[in-house]
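Spelled out from the first residue to the last, the chains are:
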Amino acid sequence: MSDEEHHFEAKADAGASKTYPQQAGTIRKNGYIVIKNRPCKVVEVSTSKTGKHGHAKCHFVGIDIFNGKKFEDIVPSSHNCDVPHVNRTDYQLIDISEDGFVSLLTESGGTKDDLRLPTDENLLGQIKDGFAEGKDLVVSVMSAMGEEQICALKDIGPKN
């Protein structure tokens, strides 16, 4: 045996996969699926029967959960599709910087400063208005496949 030291590249996510396989025939409306390497929420599923020796095919229509674009995919129902691990986490809003980033309070009491304000005009307006009025705001952050974005807002009352 050699006395060489082996160096392994450290990964922050402990090797957890961004997606997991699921049989196409078991994916339902309002579930999630990866289409063209984008995490999508399934808005429409239709299954077609094929000829004697063919596979039944599933036609998926999905909306990208981050940018709202529509994607379509057709997969044999017996094949596996990638399904993204989608997490929603609530954070309290502390501050909004001039360059469009938000400062959020995590569960452990630390801050999270790497998120931009959402691009959705309606949600953006609600966050800015509520923050300007001095309300205590809680934002829901959706994360999937290494991306994160603010997707919802809750008002928990005025600041004390």
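The numbering scheme is per chain: residues are counted from 1 as the chain's sequence reads. Since the coordinates come from a predicted model, pLDDT governs what is reported: local features require at least 70, and pairs of side-chain atoms require 80 or more to be given and counted, while whole-chain, interface and lining totals use all residues. Side-chain measures were taken over the full set of non-hydrogen atoms in the model, leaving aside hydrogen atoms and water.

Q: Where do I start with the pattern of salt bridges in this structure?
A: Pairing between side chains becomes possible if they bear opposite charge and their charged atoms approach one another. We count a salt bridge whenever a side-chain nitrogen from Lys or Arg sits within 4 Å of a carboxyl oxygen from Asp or Glu. Counted under the stated rule, the structure contains six salt bridges. Between Glu148 and Lys112 there is a salt bridge, and its shortest N-O distance comes to 2.9 Å. Placement of Glu148 in strand β11 (residues 147-158) and of Lys112 in strand β9 (residues 111-116) is noted, with a sequence separation of 36 residues between them. Between buried and exposed lies partly exposed: a residue is buried under 20% and exposed over 50% of the maximum accessible area for its type, with that area taken using a 1.4 Å probe on protein chains only. Classification of Glu148 by relative accessible area gives partly exposed; the value is 34%. A salt bridge links Glu133 to Lys135; the nearest nitrogen and oxygen atoms lie 3.2 Å apart. On the accessibility criterion, Glu133 (54% relative accessible area) is exposed. One network of salt bridges, in which partners are shared, links Arg38, Asp64 and Glu147. Working definition: helices are DSSP H or I runs of at least four residues, strands are E runs of at least two. Numbering for both runs from the N terminus.

Q: Looking at this model, I keep getting lost on the confidence of the model for the protein. Mind explaining?
A: In regions of low pLDDT, the predicted coordinates are not meant to be interpreted in detail. One number per residue, pLDDT, summarises how confident the predictor is, and it ranges from 0 to 100. Averaged over every residue, the pLDDT of the protein is 84; the share at 70 or more is 88%. Here a residue-residue contact requires only that any non-hydrogen atoms of the pair lie within 4.5 Å. Predicted confidence is poor over residues 9-15, with pLDDT under 50, and the contacts of this stretch with residues over four places away or in other chains come to zero contacts.

Q: What is the right way to look at the side chain of Asp64 in this model?
A: As for its placement among the helices and strands, Asp64 is situated in strand β4 (residues 57-64). The buried category is assigned to Asp64, whose relative accessible area is 2%. At 3.3 Å, the side chain of Asp64 and the backbone nitrogen of Asn67 are in polar contact. Not counting chain neighbours up to four residues away, the residues in contact with Asp64 comprise Arg38, Pro39, Cys40, Lys69 and Phe71. Whenever two N or O atoms come within 3.5 Å, that pair is a polar contact, provided that in protein one can donate a hydrogen and the other can accept it, and provided that, for residues adjacent in sequence, both atoms are side-chain atoms.

Q: Help me out: how do you make sense of the side chain of Lys112 in this one?
A: Residue Lys112 is classed as buried on the basis of its relative accessible area, which comes to 13%. Polar side-chain contacts of Lys112 include one of 2.9 Å to the side chain of Glu148. If near-sequence neighbours (up to four positions away) are discounted, Lys112 is found in contact with Tyr91, Val102, Ser103, Leu104, Thr106 and Glu148.

Q: What is the right way to look at the nonpolar core in this model?
A: General note: in soluble globular proteins, nonpolar side chains tend to be found buried as a group. Within the largest apolar cluster, 14 residues are counted, with the highest numbers of intra-cluster contacts made by Leu93, Val102, Leu104, Ile127, Val139, Val141 and Ile150. Listing elements by their share of this core, those giving two or more residues are β7 (87-96), β8 (101-105), α1 (121-132) and β10 (135-144). Dropping the residues within four chain positions of it, Leu93 is found in contact with Val102, Ser103, Leu104, Ile127, Phe131 and Leu137. Counting residues in each nonpolar core, the second largest holds twelve residues, with Ile27, Cys40, Val75 and Cys81 among its members. Note on terminology: a nonpolar core comprises buried Ala, Val, Leu, Ile, Met, Phe, Trp, Tyr and Cys residues joined through side-chain atoms within 4.5 Å.

Q: Could you clarify how one ought to interpret the pairing of strand β5 (residues 70-76) in this entry?
A: Regular strands have side chains that alternate between both faces of the sheet. A pair of strands is treated as paired once DSSP finds two or more bridges between them. In the sheet, β4 pairs with β5 via seven bridges, with the strands oriented antiparallel. The partner of Gly62 across the bridge, within β5, is Phe71. The hairpin formed by β4 and β5 contains five residues between the paired strands, and Gly68 there has a positive phi angle of roughly 75°.

Q: It is not clear to me how the pairing of strand β2 (residues 32-35) should be interpreted in this structure. Could you clarify?
A: Bridging between β2 and strand β3 (residues 38-48) involves four bridges; their strand directions are antiparallel. Counted as the bridge partner of Ile33 is Cys40 from β3. Where β2 hands over to β3, the hairpin turn is made up of two residues, of which Lys36 adopts a positive phi near 50°.

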